[in-house]
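Fold and geometry: a report
The primary structure of each chain is shown beneath.
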Amino acid sequence: VTGDYVNYDISIGAPGGNTVNDAVCSATVLTLSVSAAGDNTCTNATGEPAVPACWTTGTMNTVWYRVTVPASQDVAIKTTAGSLRDTQIDTYSGNVCGTLTYLDCNQDAASCGSTTYNHSYLVVLNITTTYLYIRVDGANNTIGTFSITAVDGNNGSHAWPPVVGQDCGPVS
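Residues numbered from 1 in each chain as written. Predicted model: local features only at pLDDT ≥ 70, side-chain atom pairs only at ≥ 80, totals over all residues. Heavy atoms only, no water.

What follows concerns the sheet that holds strand S9 (residues 145-152). Across the sheet, which stays open at both edges, the 4 strands sit in the order S2-S9-S4-S7 with antiparallel pairing between neighbours. Strand pairing shows two members of the sheet lacking a second neighbour, strand S2 (36-39) and strand S7 (121-124), which therefore form its edges. Here the strands of the sheet are splayed against their neighbours by 25° on average, with no regard to which way each runs. (Pairing = 2+ DSSP bridges. Helix = DSSP H or I, 4+ residues; strand = E, 2+ residues; numbered from the N terminus. Axes fitted to C-alpha atoms, helices over the stretch in contact; angles between N-to-C directions.)

Residues Leu-30, Tyr-65, Ile-77, Leu-132, Ile-134, Val-136 and Ile-148 are the most contacted members of the largest nonpolar core, which totals 19 residues. Mapped by element, the contributors of at least two residues to this core are strand S3 (63-68), strand S4 (75-81), S7, strand S8 (131-138) and S9. Val-24, Ala-27, Trp-64 and Tyr-133 belong to the second-largest nonpolar core, a separate cluster that totals 5 residues. (Core = buried A, V, L, I, M, F, W, Y, C linked by side-chain atoms within 4.5 Å. Buried < 20%, exposed > 50% of the residue type's maximum accessible area, 1.4 Å probe, protein only.)

A word on the state of the cysteines. Here the structure, examined in full by the defined rule, presents 1 disulfide. Two residues, Cys-54 and Cys-105, share a disulfide whose sulfurs are 2.1 Å apart. Within this pair, whereas Cys-54 is found in the loop between S2 and S3, its partner Cys-105 is found in strand S6 (residues 99-106), the two being separated by 51 residues in sequence. (Disulfide = S-S within 2.5 Å.)

This part covers the confidence of the model for the protein. Across the protein, pLDDT averages 82, with 76% of residues at or above 70. Long-range and interchain partners of residues 12-17, a stretch whose pLDDT sits below 50, account for 7 contacts in this model, where long-range means more than four residues apart. (pLDDT = per-residue confidence, 0-100. Contact = heavy atoms within 4.5 Å.)

The backbone of Cys-42 shows a phi angle near 65°, a positive value even though the residue is not glycine. Checked against the element boundaries, Cys-42 lands in the loop between S2 and S3. When its relative accessible area of 37% is taken as the criterion, Cys-42 is described as partly exposed. Of note, Gln-73 is a non-glycine position whose phi angle comes to about 65°, a positive value. Residue Gln-73 is classed as partly exposed on the basis of its relative accessible area, which comes to 34%.

Next up, the structure:
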């Protein structure tokens, strides 16, 4: 029929950049002692600090977190496995998302019990800024889900909330 037509709207997207906390300025806020879900799928690591020496090489698929530094000025951080079974983390101090100072990193924490994944664990002491920024990546280009917990480092005497099936301590 002459004059009949249909309009279509086509949307084309590229992979990457779809995760809310893909950039440091949109870091997910962590509450001390509360585990948060994470997923580094669909990230692109554009405009980020260089890869720290303790990380594996490859494509960075990073997500960012921010925690308010407690009065002790110490924060302990660990990841637990979801589908991402090998995380690596690094930390930065700063009060403005664009002005960060590198502090430390961890690629694999020591195993305990029957642990069969490579989680990350790091204690950062004497932080003198309001915020600690934490970047999480999958080792060797890996992506997936994980959880992250930050607790008051309490001058090296920190206590973790229990994670059943993934802790070295007794199961209650």
